[in-house]
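Overview (structure and organization)
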Amino acid sequence: MELSPAQCRAARALLDWSQAQLSAASKVATKTLADFERGNRTPYDRTLADIRVALEAAGVIFVDENGEGPGVRLRKESK
């Protein structure tokens, strides 16, 4: 599944993360994230994978296209 700029912004919002926090977690430059989220640049596949892995490790689940469009949500906390 491809990561869209909107999903990236939404995932950060769910986590209450800044671009700098995602940059640190993913080891992707803040400028690259900002350009991607604005739709000004499409990073390399490996860079997108690094972003996605960091967000998933923090509890984000990416929802595939299901007729309503792709999305994001947070994983349920274990009790």
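To keep things clear, this report deals only with the structure shown in the data block. (Residues numbered from 1 in each chain as written. Predicted model: local features only at pLDDT ≥ 70, side-chain atom pairs only at ≥ 80, totals over all residues. Heavy atoms only, no water.)

A look at unusual backbone geometry
Test applied: We count a stretch as a helix when DSSP gives it H or I for four or more residues in a row; a strand needs E for two or more, and each element gets its number in order from the N terminus. Accessibility here uses a 1.4 Å probe with only protein chains present; expressed as a share of the type maximum, an area under 20% marks a residue as buried, one over 50% as exposed, and anything in between as partly exposed.
Although it is not a glycine, aspartate 16 sits at a positive phi angle of roughly 60°. Position of aspartate 16 among the secondary structure elements: in the loop between helix H1 (5–15) and helix H2 (19–26). A positive phi angle is found at lysine 27, which is not glycine, with a value near 60°. Counting through the fold element by element, lysine 27 comes out in the loop between H2 and helix H3 (30–38). In this structure lysine 27 comes out as exposed when scored by relative accessible area, which is 75%.

A short note on the packing of H2 against helix H4 (residues 45–57)
Applicable threshold: For helices, the axis comes from a line fit to the C-alpha atoms of the stretch in contact; other axes are also lines fit to C-alpha atoms, and the angle between any two N-to-C directions lies between 0 and 180 degrees. Throughout this description, any angle smaller than 35 degrees is read as roughly parallel, any larger than 145 degrees as roughly antiparallel, any in the 65 to 115 degree range as roughly perpendicular, and the remainder as oblique. Throughout, a contact is declared for two residues whenever any of their heavy atoms are within 4.5 Å. The residue classification treats Ala, Val, Leu, Ile, Met, Phe, Trp, Tyr, Cys and Pro as nonpolar and Asp, Glu, Lys and Arg as charged. All others, Gly included, are polar.
Here H2 crosses H4 at 100°, and the two axes come no closer than 9 Å. If you check the angle between H2 and H4, you find them roughly perpendicular. Packed against H2, whose contacting residues are Leu22, Ala25 and Ser26, the element H4 presents Asp50, Ile51, Ala54 and Leu55 at the interface. Residues belonging to the contact of H2 with H4 are distributed by class as follows: five nonpolar, one polar and one charged.

Considering the pairing of strand S1 (residues 60–63)
Where we set the bar: Only strands joined by at least two bridges in the DSSP assignment are considered to pair.
Every second residue of S1 is oriented toward a common face, the buried set being Val60 and Phe62 and the non-buried set Ile61 and Val63. Judged from the four bridges that link them, S1 and strand S2 (residues 71–74) form a sheet pairing that is antiparallel. Directly across from valine 60, in S2, lies its bridge partner leucine 74.

Remarks on the environment of aspartate 64
Its location among the elements puts aspartate 64 in the loop between S1 and S2. On the accessibility criterion, aspartate 64 (47% relative accessible area) is partly exposed.

Structural notes on the nonpolar core
Soluble, globular proteins show a tendency: their nonpolar side chains are buried together. Put simply, the rule reads: We define the nonpolar core as a collection of buried residues of types Ala, Val, Leu, Ile, Met, Phe, Trp, Tyr and Cys that are connected through side-chain atoms lying within 4.5 Å of one another.
In terms of nonpolar packing, the biggest core is built from 15 residues, with Leu3, Leu22, Ile51, Leu55, Val60 and Phe62 touching the most fellow members. Those elements that provide at least two residues to this core are H1, H3, H4 and S1. Among the elements that take part in this core, H4 stands out by supplying four residues, more than any other.

With respect to the side chain of arginine 12
Relative to the assigned elements, arginine 12 resides in helix H1. Judged by its relative accessible area of 13%, arginine 12 falls in the buried class. Setting aside anything within four residues of it in sequence, one finds arginine 12 in contact with Trp17, Ser18, Gln19, Leu22 and Glu37.

Concerning the pattern of salt bridges
Here is the rule: Definition used for salt bridges: Asp or Glu carboxyl oxygen within 4 Å of a side-chain nitrogen of Lys or Arg.
A full pass over the atoms with the stated rule returns five salt bridges. A salt bridge links arginine 52 to glutamate 56, with the nearest nitrogen and oxygen atoms 3.0 Å apart. Residue arginine 52 and its partner glutamate 56 are located together in helix H4, separated by four residues, close to a single helical turn. Of the residues examined, arginine 52 reaches a relative accessible area of 18% and is grouped as buried. Residue classification places glutamate 56 among the partly exposed positions, given a relative accessible area of 28%. A single network of salt bridges, built from pairs that share partners, joins Lys31, Asp35 and Arg38.

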